[in-house]
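Residues per chain, in single letters:
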Amino acid sequence: MSIQELIRDYEFSPNVRNEMFIAYDENPKGFERVATRATNANNPPAALTSMIRQGAHLKDAERSKGTKPAADTLNDLATIAAHAYRARITKYPPIDERGWTHDDAIAYGVWVASTWSNRVAQDDIERAMRILINKPWDVESDPALGTGCPPELLARIQRGISRIGIVEAKPVAAPPAADTLAQRLLDTLGEKAA
C-alpha cells in the first residue's frame with residue numbers, strides 16, 4: 001500500500017506528516033503494519049503518531065512474537081543505521097548549521113539501529129555505520145580514544161605502532177641514597193639537634 005492509502009484522510013500537521021513520510025521511507029512494511037494496527041484504536045491518527053514516534057514501525061514483526069530479531073550482528077545494525085541515516089538526510093538535507101548537521105542525522109541512525117538490539121554498544125554501531133556511509137571518525141573524535149586515553153598511548157596509536165604494550169628502554173638514573181624521605185627526615189632532625 002502507498003503512504004497516501006495508509007494515512008487516509010487523517011488531518012496531520014505538516015511536521016507530523018513529514019514524520020510519517022520519513023517513517024514510511026525507513027520501513028514501508030513496518031509502517032503498513034503499524035498503520036493497520038492503529039485503525040483499531042479510539043483515535044487512529046494519535047495512535048499512529050505515538051507508535052511511529054516510539055519506533056514501532058522499525059521493530060521486526062517477528063520480534064513481538066518472541067523470536068530472535070533479524071538484526072543480531074554489528075554489520076546488520078550498521079546497515080540499519082546507515083539506511084535510517086540516508087532516509088533522514090533525503091527528507092531533511094543537513095544545512096550544517098546549529099540544529100541540523102550530518103552528526104544529528106548520524107545520531108538518529110544510531111538510535112534507530114539501537115532499538116533493534118541492545119546487545120551492541122551505540123559507539124560500536126556508530127563506528128561501523130560511519131565506515132559504511134564513508135564518514136569515519138578521525139583519531140581526535142573517536143570516543144574510544146578520547147579523554148580517558150593516556151596521552152602516550154594516544155600518540156603511539158596515532159603513529160601507527162602496532163605493539164602498544166612494549167615499553168621503550170630508557171636509562172633511568174638511580175636517585176642518590178641521601179635523597180630518600182627517611183634520610184631527609186634524619187638530616188633535618190640532625191640539623192635541629194645541633
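Residues numbered from 1 in each chain as written. Predicted model: local features only at pLDDT ≥ 70, side-chain atom pairs only at ≥ 80, totals over all residues. Heavy atoms only, no water.

Structural notes on the environment of P136
Looking at the secondary structure, you find P136 in the loop between α7 (122-132) and α8 (151-159). On the basis of relative accessibility, which here comes to 53%, the residue P136 falls in the exposed class. Between the C-alpha atoms of P136 and E126, which are 10 residues apart in sequence, the distance is 9.1 Å. (Helix = DSSP H or I, 4+ residues; strand = E, 2+ residues; numbered from the N terminus. Buried < 20%, exposed > 50% of the residue type's maximum accessible area, 1.4 Å probe, protein only.)

Observations concerning the side chain of S114
Mapped onto the elements, S114 comes out in helix α6 (residues 102-114). Taking relative accessible area as the criterion, S114 reaches 16% and is therefore assigned buried. A distance of 3.2 Å separates a polar atom in the side chain of S114 from a polar atom in the side chain of Q122. For S114, the residues in contact, after removing those within four places along its chain, are Q122 and I125. (Polar contact = N/O pair within 3.5 Å; in protein donor to acceptor, adjacent residues only side chain to side chain. Contact = heavy atoms within 4.5 Å.)

Topic: the confidence of the model for the protein
Looking at the protein as a whole, its pLDDT mean stands at 75, while 66% of the residues score no less than 70. The low-confidence segment residues 64-69 (pLDDT under 50) makes four contacts with residues lying over four places distant or belonging to another chain. Predicted confidence for residues 161-167 stays below pLDDT 50, and this span has seven contacts to residues more than four positions away or in other chains. (pLDDT = per-residue confidence, 0-100.)

Quick look at the side chain of T49
Among the secondary structure elements, T49 is positioned in helix α4 (residues 44-53). Non-local contacts of T49, meaning those with residues more than four positions away in its chain, are made with F12, V16 and M20.

Examining the packing of aromatic side chains
Under the counting rule described, the total for this entry stands at three aromatic pairs. Measuring from ring centre to ring centre gives 5.7 Å for Y10 and F12, while their planes differ by 80 degrees; the resulting arrangement is edge-to-face. Both rings, one in Y24 and one in F31, keep their centres 5.7 Å apart while their planes meet at 85 degrees; by these two values the pair is edge-to-face. The pair formed by Y24 and F31 is uniform in burial state, with each residue classed as buried. Over the aromatic face of Y108 sits the side chain of R88, whose NZ or CZ is 4.0 Å from the ring centroid. (Phe/Tyr/Trp six-rings, centres within 6.5 Å; stacked < 30°, edge-to-face > 60°. Lys NZ or Arg CZ within 6 Å of the ring centre and 35° of its normal.)

Structural notes on the pattern of salt bridges
Going through the model one piece at a time under the given rule, you end up with five salt bridges. Residue E19 is joined to R53 by a salt bridge in which the shortest nitrogen-to-oxygen separation is 2.9 Å. Separated by 34 residues along the polypeptide, E19 in helix α2 (residues 14-26) and R53 in helix α4 bring together distant segments of the chain. A residue is classified by how much of its surface remains accessible, and R53, at 48% relative accessible area, is partly exposed. A salt bridge links R130 to D103; its shortest N-O distance comes to 3.1 Å. Of this pair, R130 sits in helix α7 while D103 sits in helix α6, and the two are 27 residues apart along the sequence. Take R130: its relative accessible area is 9%, and that puts it in the buried class. Classification of D103 by relative accessible area gives partly exposed; the value is 47%. Three or more residues joined by partner-sharing salt bridges are found here, namely D103, E126 and R130. (Salt bridge = Lys/Arg side-chain N within 4 Å of Asp/Glu carboxyl O.)

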